[in-house]
Amino acid sequence: MSGCHNVCQDRTGDDNLQSMIVGTVMRKIKSRTWKKQRYFKLQEDCMTIWYKSKKAGNAHSTFSVSDVETVREGHQSEVLLSIADEFPPDRCFTLVFRGRRGNLDLVADSADEAQSWIKGMRKLIENLENMGESEKLDQWICEWFKKADKNNDGRMNFREIRVLLKMMNVDMNEHHAHQLFMTADKSQTGTLEDDEFVLFYKMLTQREDVLRVFQDFSGDGQKLSLRDLEEFLRDEQLEEVDGVQQLAMELIERYEPSDTGTKMLKAMSIDGFLMYLASAEGSIFHPRQQSLYQDMTQPLNHYFISSSHNTYLMEDQLRGHSSVEGYIRALKRGCRCVEVDCWDGPNGEPIVYHGHTFTSKILFKDVVNALRNYAFKVSEYPVILSTENHCGVEQQRVMAQHLNTILGDKLLKSTLDGKIPVSFPSPEELKGKILLKGKKIGGLEESRNGPVEPEDSLTGEVSDEDEFIQFNSRSFPQKSKQRLSKELSDCVVYCKSVHFSSFKHSRVHSKFYEISSFTESKARKHLREAGAEFVHHNTRQLTRVYPSGLRTDSSNFNPQEMWNTGTQIVALNFQTAGVEMDLNDGLFSQNGRCGYILKPDFMRMSERRFDPEVPHNREGYRPLSLCIQVISGQQLPKVNIKESSVVDPFVRVEIHGVPLDQAKQETRYIDNNGFNPVWYDTLRFTIHAPELALVRFVVEDYDKASRNDFVGQYTLPFSCIQQGYRHIHLLSKDGTSIPPASLFVHVRITNLV
């Protein structure tokens, strides 16, 4: 039984952690002018950073190490770059938080102190990532205990525990809770110390739902023998029959706590069984499909590509803050197509911002630098830089110069084998390359056959997006007729932006490397009028769809509609949380999160005719039935800060896919229990195009008077679902994990025909 103080046990031999516990005065930097000294220290639990102003009396703040995603060394944020002349990089570092919380930029007094914090934080983050499920749960319980232990004496009486349970979303029978409290109070002091509280909590959260399954398969009701476990894995979890004995042995080895004699007997106790079900192997997402499992050697246009719109924005399109951080965050989320809007800037330097609006401005060269540093951190596959170019020829030359000098050989400058290609290279062949998407003088054929026509005749539209921005009740047409510089044109190889006439025109005249962009409304019109034509067009060429310019709040359209047409580059505002980004995260959570997903074969073959409106008219049509029993929920987060309120949760399962598959169903809601609600409600769906379907689980807090509050969600491709008894580890609105919140479900998929 591990208690709350074990997390820090390796600190004694670690000088960095020791010096963090002693504490350090560092400068917190918010801008060139806002630089204030703060005292930072790591708490004894090695899980919380505490800091306070040197002046401001008793006011202090804390944050949890688990909120920090990564540590960046040196001048790796705009704020620190802005003071680079004042503080050397070896004293500067940035703590990057999960989700949409802003970074914390710090400057230490010496390079050694900075290193202590950089190495110490990295070690703590790594420790957390290596924790097992049961340690994570202990950790979570301990954090709650500390929050509620107001006088820090490490013990709590029953009254305090009752308040704590409310905070943890538990509304329970007082008599029952008091009996468990007495049992857990081993020291018989009338209070629980941290270890005793963990014990109390675990008795409180005994999983009747899991016990029921365990007893169904256990021969003696006490343990699962090797044969019992094999039967469970084969008949319920539908694991492959051949390897089932081997798998059962491995699961016992991995999840059975060794302090019980069960492991010796090659059997599994209820504790081991619960740990297996709560692990990645017991999750609804098939582990095999989380790694890179798809063929990456097909032409680029055969893949859906994770794509961002207005990547430089951190908020909305009118007044939002433009930031290089937008690019870093998108790239770290696996995005493979980012967008820059370039305008003539002062001092001959092109700037990036949303034209004709009050969004702040950043330098084009800073964006290119961020691309160089972050493009291939999470995926080696190519990044497309989609340019909306409003610059004059002079600053276009500067753009080309920055692309060449900063990116060097990462920038793709010519076709791969020097020959005139007839189709796209593959993501595999383009690994480590950045492709510029923009206007081009002539085509790939001419650029190999000597000089192109003189520059004077190259008047044309240099920008591609024909959106109107509604602003101050005036409309600005976004078209700019101006000349294109040969230097910038030469940087464009496989992604030449062209104006779209019609599918028929494209079929006859277009080259494979010509790419058109549509606003969402134009794309919808094409989908309505010629869905099968749209799909066919995308077997040959790339298409990009982006949000309407009227979405001044940077909201998103539903990407699923566009994926149904085989559109590869569906550009979303990554900075805006919601169902649309959940779907994007869901689709791209498979295949090693590399940002490329192979389209279904019926969307890659030009001889096939797939129409998303009539999915049953295709070769190989095999509809499936999906049956989900929603059994229970665990430790759902509180949505209402009021201490007295507890959620009334219900679960909605949504299917997103071709129009015929769009569906949603809900369980009933459970009164006042976010802690361990139990439903046993069964929801059934028919899926006509399983290869395109995504399944989204949403938990909401039922409210009969007003809108239901969002509690958590999880979205995954239908094709990645594991059947049987599975846990779903819920995510927040931002798509970050909220342990230990989960759902327990049973899934069955059967053929309908």
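What counts and what doesn't
- Residues numbered from 1 in each chain as written.
- Predicted model: local features only at pLDDT ≥ 70, side-chain atom pairs only at ≥ 80, totals over all residues.
- Heavy atoms only, no water.
- Buried < 20%, exposed > 50% of the residue type's maximum accessible area, 1.4 Å probe, protein only.
- Helix = DSSP H or I, 4+ residues; strand = E, 2+ residues; numbered from the N terminus.
- Arc of directions from axis to C-beta.
- Contact = heavy atoms within 4.5 Å.
- Polar contact = N/O pair within 3.5 Å; in protein donor to acceptor, adjacent residues only side chain to side chain.
- Salt bridge = Lys/Arg side-chain N within 4 Å of Asp/Glu carboxyl O.
- 1 Å grid on protein atoms, 1.4 Å probe; cavity = no way out; pocket = protein on both sides within 12 Å on 5 of 7 lines; lining within 4 Å.
- Points joined across faces, edges and corners; volume = space filled by probe spheres on them.
- Nonpolar A, V, L, I, M, F, W, Y, C, P; charged D, E, K, R; others polar.
- Axes fitted to C-alpha atoms, helices over the stretch in contact; angles between N-to-C directions.
- Parallel < 35°, antiparallel > 145°, perpendicular 65-115°, else oblique.
- Left-handed = near helix turned anticlockwise from the far one by under 90°.
- Pairing = 2+ DSSP bridges.
- Phe/Tyr/Trp six-rings, centres within 6.5 Å; stacked < 30°, edge-to-face > 60°.
- Lys NZ or Arg CZ within 6 Å of the ring centre and 35° of its normal.

*Asks:* Would you mind going over helix α1 (residues 15-22) in detail, with residue names and values included?
*Replies:* Residues of α1 that are buried include every one of Asn-16, Leu-17, Met-20 and Ile-21, and no others. All buried residues of α1 lie within an arc of 135° about the axis, which places them on one face of the element. Of the exposed residues in α1, the ones pointing more than 90 degrees away from its buried face are Asp-15 and Val-22. Looking at the buried residues of α1, the elements they touch are β2 (35-42), β3 (48-53) and α3 (111-129). For α1, the N-terminal capping position is held by Asp-14, with its side-chain oxygen 2.9 Å away from the main-chain nitrogen of Asn-16.

*Asks:* Break down the pattern of salt bridges for me, citing the residues and quoting the values.
*Replies:* Here the structure, examined in full by the defined rule, presents 41 salt bridges. Members of the salt-bridge network, linked through shared partners, are Asp-582, Arg-652, Glu-654, Glu-666, Arg-696 and Glu-700.

*Asks:* Can you explain helix α21 (residues 579-587)? Please cite residues and give values.
*Replies:* Counting buried positions along α21 gives seven out of nine residues, so the element sits mostly inside the fold. Those residues of α21 not exposed but buried are Glu-580, Met-581, Asp-582, Leu-583, Asn-584, Gly-586 and Leu-587.

*Asks:* Talk me through unusual backbone geometry; I want residue IDs and the actual numbers.
*Replies:* At the junction of Pro-739 and Pro-740, the peptide bond is cis and its omega measures out at -5° in the coordinates. The residue Pro-740 is located in strand β34 (residues 737-751) in this model. Positive phi is not limited to glycine here, since Gln-635 has a value of about 45°. Following the sequence through the fold, Gln-635 ends up in the loop between β27 (624-634) and β28 (649-656).

*Asks:* Could you give an account of the environment of Thr-33, naming the residues involved and the relevant values?
*Replies:* Note on placement: Thr-33 falls in the loop between β1 (24-29) and β2. For the pair formed by Thr-33 and Ser-82, sequence separation is 49 residues and the distance between their alpha carbons is 9.8 Å.

*Asks:* Requested: an account of the layout of surface pockets, with residues and values cited.
*Replies:* It is the rolling of a water-molecule-sized probe over the atoms that shows where space remains empty. Taken as a whole, the second largest pocket encloses approximately 980 Å³ of empty space. In this structure, the second largest pocket is lined by 40 residues; those nearest its centre are His-286, Arg-288, Gln-289, Ser-719 and Ile-721. Those elements giving two or more residues to the lining of the second largest pocket turn out to be α10 (244-255), α12 (287-290), α20 (559-563) and β26 (596-598). Across the lining of the second largest pocket, the residue classes break down as 22 nonpolar, 10 polar and eight charged.

*Asks:* Pulling in residues and values, what's your account of the packing of helix α13 (residues 324-332) against helix α14 (residues 364-374)?
*Replies:* The contact between α13 and α14 brings their axes to 9 Å, and the two run at 25°. Between α13 and α14, the interaxial angle falls into the category roughly parallel. The way α13 lies across α14 gives a crossing that is right-handed. The residues of α14 that touch α13, namely those facing Val-324, Tyr-327, Ile-328, Leu-331 and Lys-332, are Asp-366, Val-367, Ala-370, Leu-371 and Tyr-374. Of the residues contributing to the contact of α13 with α14, the split by class is eight nonpolar, no polar and two charged.

*Asks:* With reference to specific residues and values, describe the pairing of strand β32 (residues 709-717).
*Replies:* When you tally the buried positions in β32, you get seven out of nine residues, the bulk of the element. Pairing analysis gives eight bridges linking strand β31 (residues 694-701) to β32, with the strands arranged antiparallel. Residue pairing in the sheet places Phe-697 in a bridge with Tyr-714 of β32.

*Asks:* Hey, could you go over the packing of aromatic side chains for me, with residue numbers and the actual values?
*Replies:* Under the defined criterion, the tally for this structure stands at 31 aromatic pairs. By the ring-pair criterion, three or more aromatic residues cluster together here, those being Phe-214, Phe-217, Phe-232, Phe-273, Tyr-725 and Phe-744. Sitting over the ring of Tyr-353, Lys-361 keeps its end group 4.3 Å from the ring centre.

*Asks:* Tell me about the sheet that holds strand β4 (residues 60-64), and please be specific about residues and values.
*Replies:* Strand order in this open sheet of seven strands is β4-β3-β2-β1-β7-β6-β5, and the pairing throughout is antiparallel. Since the sheet does not close on itself, it has two edges, and those belong to β4 and β5 (68-73), each with one partner. Between one strand axis and the next, the sheet turns by 35° as a mean value, whatever way the strands run. Pairing of β1 with β2 involves six bridges; the strand directions are antiparallel. Directly across from Met-26, in β2, lies its bridge partner Arg-38. Along the sheet face, α3 touches β1, β2, β3, β5 and β6 (92-97) and points at about 150° away from the line of β5.

*Asks:* I'd like to hear about empty space enclosed by the protein, residue by residue, with values.
*Replies:* With the rule as written, the count across this model stands at four cavities of 30 Å³ or more. Considered as a void within the structure, the largest cavity measures approximately 60 Å³ in volume. For the lining of the largest cavity, the secondary structure elements donating two or more residues are α18 (503-509) and α19 (520-540). At four residues, the largest contribution of residues to the lining of the largest cavity is made by α19. A breakdown of the residues in the lining of the largest cavity according to their chemical character gives one nonpolar, two polar and three charged.

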